[in-house]
Amino acid sequence: MKRLPLGEQNFDKIREKDLVYVDKTRQLFDLMNLGDYVFLSRPRRFGKSLLVNTLMEIFKGRKELFKGLWIEDKITWEEYPVIRVDFSSMPIFFSPGSLELFSEEFVRRLKKHGAEYGLSLASSSPAYCFIELLEGLHEKTGKRVVVLVDEYDKPITDFLSEPERAETHRQWLRSFFEIFKGNSDHVHFLFITGISKFSKISLFSVLNNLLDISLLPEFNDLVGFTESELVENFAPHLEAFATKLKITKEELMEKLRYWYNGYSWDGQQRIYNPWSIINSLAASQLENYWFGSGTPDFLIRLIQKKHAPEQENPLLIEDFQSVSASSETFDSYDLENISLTALLFQAGYLTIREAKVEAGGNFYLLGYPNNEVRWSLSAHILGALTTLETGLKIKPKALMLRHALSQGDQESFRSLIRSIFAGIPSELLKRVNEYYYQSVFYFFLNMLGVENVVLEQAGYIGKADGALVWNGKIYIFEFKFAREGSMKSLLDAALKQVETKGYHHPYAGSGKTIWAVAIGILFKSPAPDKPAVLAVDVEWKALA
């Protein structure tokens, strides 16, 4: 059984060590023949760096690395000078004068690259040094230069919570890309990857011949794995995984689809996250591997900024279950007012569930790709809403909540609900309302790893706050929040509402136990001269 390429982004090492490699060279052949300047947007940890590295080895003419792969006998192998610019490995300085330090490091790397070709670069200006390198490589080798730019947008996205600094970095990058406009005679091929395309702020206006392939169906599987690729290339690992779990291979595949499949950029073909699936196969465990490694810090900061707890209507799960978008949505990048929907899509938290072609342009329905992403986003939003630390408090409580609901353990459920809200700082409690508590509770439900969590479930008359069908039980949830009155009146009103409005009627005849679950939140002062305190209680009632 071949070893897995766990964390390996260098194509030559994968081939030399005989690690598992999913052949993407047919798609790369199509990419190389599509145009001279090409751009691809994909989330982090999706194989972009390996893709860039593979392109580099093709253009270096290293045919021996491609023995047995599709492209081996499809091209005339020749060596081109290659410049690879990896902004993800560039140190981003947060101190005063950071841009000058960044520029110095950029120039140092260019000079080091030139020295590898026997060139001595004199300029200390990033733009002129790069031009000097282009001209020198072209003259020395007699061939135009291949330029590969990886994670171009990191100097911007790392500072999205600081618009002025992000704008300064955008201007720096714009100056860098302007080089290609006047030096195209020296460039054979330019390939750029990143998370986002900042077209609305004219970053790419200087490259008017840049072809964006991000949403082209023929390149949907350029990175990541299709299910057929997974089955064909990882068969022994899948068999070992299924054996360890004592389930069939078909049952394992169903679990893997639920956890890691579902990404799409054409609305039809579904793609597995390569980082997560390889880690899952390596550990033979179904875990969240993307949470800590694939989540850009800028996204969390943006969620915290745009959806702070004091807002009247915080985020709810349904805000991302089904989101409508147009092609223009994905280009809506204004540093002063960034579209959260566009950013969530580019970061991989939303994907295209369905694509429709209309007379006025393409129309898309977006949603969570899989359980891993739904869990991750819920955890991050909970952190933004409550300030609770994800690993130490949010995840353990979500797991205990799952167990309590699975077992129908009313006392444990009541204790957990109380502890969840008791851990929220008192300063936040003064500014929030019923929507806030609903948001916190339902994002915890969203982390249970259960598919059928339904919000605002339609009943006989009106809608319940939510419903959960799981493990032979049906839970109908109803929230009540007040700043005066008694807890008993809140709980009684919630249970009465579920029954009189028939929220449970859609589940009649299901054969499952149906529970009405009232959650009361009371935040009031015990006496006129005393500060308000939080009281939380839960009451269950079995429904016929």
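Predicted model, so just to flag it, every value in this text is computed and none were measured. (Residues numbered from 1 in each chain as written. Predicted model: local features only at pLDDT ≥ 70, side-chain atom pairs only at ≥ 80, totals over all residues. Heavy atoms only, no water.)

A.B. asks: It is not clear to me how the overall build of the protein chain should be interpreted in this structure. Could you clarify?
C.D. replies: When helices and strands are counted, the protein chain shows 21 helices and 13 strands. Within the protein chain, the proportion of its 544 residues that are buried is 55%. Sequence-distant contacts in the protein chain: of pairs separated by 6 or more residues, those separated by 24 or more amount to 70%. (Helix = DSSP H or I, 4+ residues; strand = E, 2+ residues; numbered from the N terminus. Buried < 20%, exposed > 50% of the residue type's maximum accessible area, 1.4 Å probe, protein only. Contact = heavy atoms within 4.5 Å.)

A.B. asks: I would appreciate a short explanation of the pattern of salt bridges in the present structure.
C.D. replies: Opposite charge on two side chains lets them pair, provided their charged atoms get close. Scanning the entire structure with this criterion turns up 23 salt bridges. A salt bridge links R414 to D537; the shortest N-O distance between them is 2.9 Å. Of this pair, R414 sits in helix α18 (residues 410-422) while D537 is found in strand β13 (residues 533-543), placing the two residues 123 residues apart along the sequence. Classification of R414 by relative accessible area gives buried; the value is 16%. Judged by relative accessible area, which is 19%, D537 ranks as buried. Each of D12, E16, E57, R62 and E64 takes part in one network of salt bridges that share partners. (Salt bridge = Lys/Arg side-chain N within 4 Å of Asp/Glu carboxyl O.)

A.B. asks: Before we go on, may I ask you to explain the packing of helix α4 (residues 98-116) against helix α7 (residues 163-182) in this structure?
C.D. replies: How two helices pack is summed up by the angle between their axes together with the distance between the axes. Put simply, α4 and α7 touch, their axes get as near as 11 Å, and they point 30 degrees apart. Here α4 is positioned roughly parallel relative to α7, judged by the angle of their axes. When you trace α4 past α7, the crossing you get is right-handed. Taken together, the residues of α7 that come into contact with α4 (itself represented by S98, L99, F102, S103 and F106) are R165, T168, H169, W172 and F176. (Axes fitted to C-alpha atoms, helices over the stretch in contact; angles between N-to-C directions. Parallel < 35°, antiparallel > 145°, perpendicular 65-115°, else oblique. Left-handed = near helix turned anticlockwise from the far one by under 90°.)

A.B. asks: Help me understand the pairing of strand β7 (residues 351-358) in this model?
C.D. replies: Consecutive side chains of a regular strand alternate in pointing toward one face of the sheet and then the other. Sheet topology note: the β7/strand β8 (residues 361-367) ladder contains seven bridges and is antiparallel. Counterpart to K356 in the pairing with β8 is F363. Connecting β7 to the next strand, β8, in antiparallel fashion are two residues. (Pairing = 2+ DSSP bridges.)

A.B. asks: Mind showing me how you'd approach the packing of aromatic side chains here?
C.D. replies: In this description, a pair of aromatic rings is defined by centroid distance and the angle of the planes. With the rule as written, the count across this model stands at 36 aromatic pairs. Summarising the aromatic geometry, the rings of F87 and F106 are spaced 6.2 Å apart at their centres and angled 0 degrees between planes, so their arrangement reads as stacked. Of the two residues, F87 is situated in the loop between β2 (82-86) and α4 and F106 in helix α4; the sequence distance between them amounts to 19 residues. Taken individually, F87 and F106 each receive the classification buried, so the pair is uniform in this respect. Summarising the aromatic geometry, the rings of Y152 and F177 are spaced 6.1 Å apart at their centres and angled 75 degrees between planes, so their arrangement reads as edge-to-face. On the criterion of sequence distance, the pair formed by Y152 in the loop between β3 (145-150) and α6 (154-157) and F177 in helix α7 is long-range, its members being 25 residues apart. Comparing Y152 with F177 shows no difference in burial state: the two are buried. Clustering of aromatic rings is evident, with ring pairs tying together Y37, F39, F87, F102, F106, F130, Y152, W172, F176, F177 and F180. Sitting above the plane of the W70 ring, K74 keeps its charged end 4.6 Å from the centroid. Taking NZ or CZ as reference, K143 lies 5.2 Å from the ring centre of Y80, over its face. (Phe/Tyr/Trp six-rings, centres within 6.5 Å; stacked < 30°, edge-to-face > 60°. Lys NZ or Arg CZ within 6 Å of the ring centre and 35° of its normal.)

A.B. asks: Is there a simple way to think about the packing of helix α10 (residues 249-260) against helix α16 (residues 371-386) in this case?
C.D. replies: Where α10 contacts α16, the axes come no closer than 4 Å and their chain directions differ by 35 degrees. Residue-level contacts link Y258, W259 and Y260 of α10 to N371, E372 and R374 of α16. Its residues assigned to classes, the contact of α10 with α16 shows three nonpolar, one polar and two charged. (Nonpolar A, V, L, I, M, F, W, Y, C, P; charged D, E, K, R; others polar.)

A.B. asks: Sorry, what's going on with the sheet that holds β7 here?
C.D. replies: Strand pairs in the sheet, formed through backbone hydrogen bonds, run parallel or antiparallel to each other. In space, the three strands of this open sheet follow the order β6-β8-β7, with antiparallel pairing throughout. In the strand order of this sheet, the two ends are held by β6 (323-326) and β7, each with one partner. Neighbouring strand axes in the sheet, compared pairwise and without regard to direction, differ in orientation by 25 degrees on average.

A.B. asks: Just to check I follow, could you spell out the environment of K488 for this structure?
C.D. replies: Position of K488 relative to the elements: it lies in helix α21 (residues 487-500). Here D492 takes part through its side chain, which lies 2.7 Å from a polar atom of the side chain of K488. (Polar contact = N/O pair within 3.5 Å; in protein donor to acceptor, adjacent residues only side chain to side chain.)

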